[in-house]
Amino acid sequence: MTDLPTTPGATGATSTDELRDAFTRVRAEVGKAVVGQEGAVSGMIVGLLAQGHVLLEGVPGVAKTLLVRSLAAAMSLDTKRIQFTPDLMPGDVTGSLVYDASTGTFPFREGPVFTNVLLADEVNRTPPKTQSALLEAMEERQVSVDGSPKLLPDPFFVAATMNPIEFEGTYTLPEAQLDRFLMKLTLDIPPRDVEWQVLRRHADGFVPRDVRSAGIVPVVGADQVLSAQRAVRAVGARDDVLAYIVDLARATRQAPSVRVGVSPRGATALLAAAKAWAWLTGYDGITPDHVQAMLLPVWRHRLRVAADAELEGVGADGVLQQVLEQVRVPI
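Everything numeric in this text was worked out from a predicted model, so none of it was measured.

Thresholds applied
Within each chain, residues carry numbers counting from 1 in the order of the written sequence. Totals for whole chains, interfaces and linings use every residue, but because this is a predicted model, local features are given only for residues with pLDDT of at least 70 and side-chain atom pairs only at 80 or more, for both listing and counting. In computing side-chain properties, one takes all heavy atoms of the structure into account and sets aside hydrogens as well as water. The way it works is that DSSP assigns letters per residue, a run of H or I at least four long becomes a helix, a run of E at least two long becomes a strand, and they are numbered from the N terminus. Throughout, exposure labels follow a simple rule: accessible area from a 1.4 Å probe, protein chains only, divided by the maximum for the residue type, with under 20% read as buried, over 50% as exposed, and the rest as partly exposed. The contact definition used throughout considers only heavy atoms, calling two residues in contact when any of these lie within 4.5 Å. Salt bridges are identified by distance alone: a Lys or Arg side-chain nitrogen within 4 Å of an Asp or Glu carboxyl oxygen. Only C-alpha atoms enter the line fits that serve as axes; for helices the fit covers just the stretch in contact. Angles between N-to-C directions range over 0 to 180 degrees. Throughout, the term roughly parallel applies to angles under 35 degrees, roughly antiparallel to angles over 145, roughly perpendicular to angles from 65 to 115, and oblique to all others. Working rule for handedness: look at the near helix, and if it is turned counterclockwise from the far one by less than a right angle, call the crossing left-handed; if clockwise, right-handed. When residues are grouped by polarity, Ala, Val, Leu, Ile, Met, Phe, Trp, Tyr, Cys and Pro land in nonpolar, Asp, Glu, Lys and Arg in charged, and all others, Gly among them, in polar. A helix is expected to span 1.5 Å multiplied by its residue count minus one. The rule for pairing is simple: two strands pair if DSSP sees at least two bridges between them. Between the rings of Phe, Tyr and Trp (Trp by its six-membered ring), a pair exists once the centres lie within 6.5 Å; its type follows the angle of the planes, with under 30 degrees stacked, over 60 edge-to-face, and the other angles tilted. Residues enter patches when their relative accessible area tops 30% and they take part in no salt bridge; the joining distance is 9 Å for like charges and 5 Å for the nonpolar side chains Val, Leu, Ile, Met, Phe, Trp and Tyr. Per-residue and other accessible areas follow the Shrake-Rupley method at a 1.4 Å probe size, with only the shown protein chains counted as cover for residues.

Visitor: Explain the overall build of the protein to me, please; I cannot follow it from the model alone.
Guide: The number of helices and strands found in the protein is 13 helices and 11 strands. With respect to the three principal axes, the spread of C-alpha positions in the protein is 70 × 45 × 40 Å. Expressed as a percentage of the 331 residues in the protein, the buried residues total 50%. Taking all contacts inside the protein whose residues are at least 6 apart in sequence as the whole, residues at least 24 apart take part in 79%.

Okay, here's the thing in structure tokens:
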């Protein structure tokens, strides 16, 4: 994956250096199990720090599930997995009221969404009704049961996977739900030398179902994640950089090959991701470089390319690259 820079480089010394260094160590721990997906690892950490959710797209077998499990293990966060299927019901995600014969009551039994890191595997294989239950959890950080809201744990992070090549038995994700994902990360087939490293690790006894077998140890916990999220919110943004984000968003709406451009919510999402990347790389305020680094993963799933442009091979990433080249960068 090449959308994101692969190595954050801290600059200067601040009171949050120790916390920032801990998240750098998280990347190293995940790297013990996941090879060749450094950009995706960065994207996952940025999504978590920005209090967003991440959509992972890639063909089967490129370590999407392993990436999520390894990240949760390195952060000592509770994690659960849902295999989305066409017969999955909303209650299978959120939980439901279950009759207790001994008391004659209907206590609530929590579903797998009550966790810190939720792996939503093949999220496009479940019907819209179940997708909408996940949507409320992602957006509101709560679920509604019999008209009563129940808050989810904090932090709460959804990493959903999607297969880009298989369409039979799938349901298109509604645009409103796609917009709830802060980022869409693409995981590609690794180059030959990286694929060799994967096989070498398996030959040496690595078991993907047990990430501890790779030697991953937790280096941060929930309290540190919440502290880092607060630090990210405090990262500054100059007026000219905010104007740059606005100009980029407006340029997507005016692009001739685009049917629907980026909304104001998309602009705020780019700001949040840029602040997370700036903090992770040791800056007190965002720069145009941070905005540019986050633009593709944050906006690629928010554009709707016109049908005639798609027939000519124009994709969202290509449009966004053109926008970056055309919009003036503040000095």
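Visitor: How should the pattern of salt bridges be read in this particular structure?
Guide: Oppositely charged side chains can form a pair if their charged atoms are brought close together. Tallying each qualifying case throughout the model produces 12 salt bridges. When the shortest N-O distance is used, the salt bridge between arginine 238 and aspartate 240 registers 2.9 Å. Judged by relative accessible area, arginine 238 falls into the partly exposed class, the value being 43%. Accessibility expressed as a relative area gives 28% for aspartate 240, which makes it partly exposed.

Visitor: Honestly, the packing of helix H2 (residues 38–49) against helix H3 (residues 64–74) in this entry has me stumped. Any pointers?
Guide: Think of two packed helices as two axes; the pair is described by the angle between the axes and how far apart they sit. Their axes nearest at 11 Å, the elements H2 and H3 cross at an angle of 55 degrees. When the axes of H2 and H3 are compared, the pair comes out oblique. Seen along the crossing, H2 lies across H3 with a hand that is right-handed. Where H2 approaches H3, its residues Ala40, Val41, Met44 and Ile45 are matched on the opposing element by Leu67, Val68 and Leu71. Counted by class, the contact of H2 with H3 contains seven nonpolar, no polar and no charged residues.

Visitor: Which parts of the structure should I look at to understand helix H5 (residues 128–140)?
Guide: Think of an α-helix as 3.6 residues a turn; residues three or four steps apart then line up on the same face. Between its terminal C-alpha atoms H5 stretches 18 Å, which fits the 18 Å expected from 13 residues at 1.5 Å a residue. Residues of H5 that are buried: Thr130, Gln131, Ala133, Leu134, Leu135, Ala137 and Met138. Looking at the residues trailing H5, positive phi occurs at arginine 141, about 55 degrees.

Visitor: Honestly, the sheet that holds strand E2 (residues 79–83) in this entry has me stumped. Any pointers?
Guide: To summarise the sheet geometry, strands pair through backbone hydrogen bonds and adopt either a parallel or an antiparallel arrangement. In spatial order, the strands read E2-E5-E8-E1-E9; together these five strands make up an open sheet with parallel pairing. Since the sheet does not close on itself, it has two edges, and those belong to E2 and strand E9 (183–186), each with one partner. Averaged over all pairs of adjacent strands, the angle between strand axes in this sheet comes to 20 degrees, irrespective of strand direction. With four bridges connecting them, strand E5 (residues 117–121) and strand E8 (residues 157–162) associate as parallel partners. Bridged to valine 117 within E8 is phenylalanine 157.

Visitor: What am I meant to see in the packing of aromatic side chains here?
Guide: Evaluated as defined, the whole model comprises two aromatic pairs. A ring pair is formed by phenylalanine 23 and tryptophan 279, whose centres lie 6.1 Å apart and whose planes are at 80 degrees; its orientation type is edge-to-face. In this pair, phenylalanine 23 is assigned in helix H1 (residues 17–31) and tryptophan 279 in helix H10 (residues 264–280), connecting sequence segments 256 residues apart. Look at phenylalanine 108 and phenylalanine 114: their rings are 5.8 Å apart centre to centre, the planes differ by 65 degrees, and that puts the pair in the edge-to-face class. Judged by relative accessible area, which is 8%, phenylalanine 114 ranks as buried.

Visitor: So what exactly am I meant to see when it comes to the packing of helix H9 (residues 239–254) against helix H11 (residues 288–299) here?
Guide: Direction vectors running N to C along H9 and H11 enclose 35 degrees, while the axes themselves pass 11 Å from each other. Considering the relative orientation of H9 and H11, their crossing is right-handed. For the pair H9 and H11, the contacting residues are Val241, Tyr244, Ile245, Leu248, Ala249 and Thr252 in the first and Pro288, Val291, Gln292, Leu295 and Trp299 in the second. Considering only residue class, the contact of H9 with H11 consists of nine nonpolar, two polar and no charged.

Visitor: Even after reading the chapter, I still don't get the environment of serine 227, so can you show me in this structure?
Guide: Tracing the backbone shows serine 227 in helix H8 (residues 222–233). Overall, serine 227 belongs to the partly exposed group, its relative accessible area being 28%. Through-space distance from the C-alpha of serine 227 to that of leucine 19 is 8.3 Å; in sequence the pair is 208 residues apart.

Visitor: I would appreciate a short explanation of a nonpolar patch on the surface in the present structure.
Guide: There is a patch of nonpolar side chains on the surface, built from Leu97, Tyr99 and Phe106 and spanning about 330 Å² of accessible area. By secondary structure assignment, the location of phenylalanine 106 is in the loop between strand E3 (95–97) and strand E4 (108–110).

Visitor: Explain the pairing of strand E6 (residues 142–145) here, please?
Guide: On a regular strand, one side chain projects to one face of the sheet and the next to the other, so that they alternate. Residues of E6 alternate between two faces, with Val143 and Val145 buried on one and Gln142 and Ser144 left unburied on the opposite face. Bridge count for E6 against strand E7 (residues 148–151) is four bridges, and the pairing is antiparallel. Bridged to glutamine 142 within E7 is leucine 151. Between E6 and E7, which follow one another and run antiparallel, lie two residues, and aspartate 146 among them has a positive phi close to 55 degrees.

Visitor: I would appreciate a short explanation of H2 in the present structure.
Guide: For H2, with 12 residues, the first-to-last C-alpha span of 17 Å sits near the 16 Å given by 1.5 Å per residue. Burial analysis of H2 places 11 of its 12 residues in the buried class, the great majority of the element. Taken as a whole, H2 has its buried residues at Gly39, Ala40, Val41, Ser42, Gly43, Met44, Ile45, Val46, Gly47, Leu48 and Leu49. Once H2 ends, the next one or two residues include glutamine 51, with phi positive near 60 degrees.

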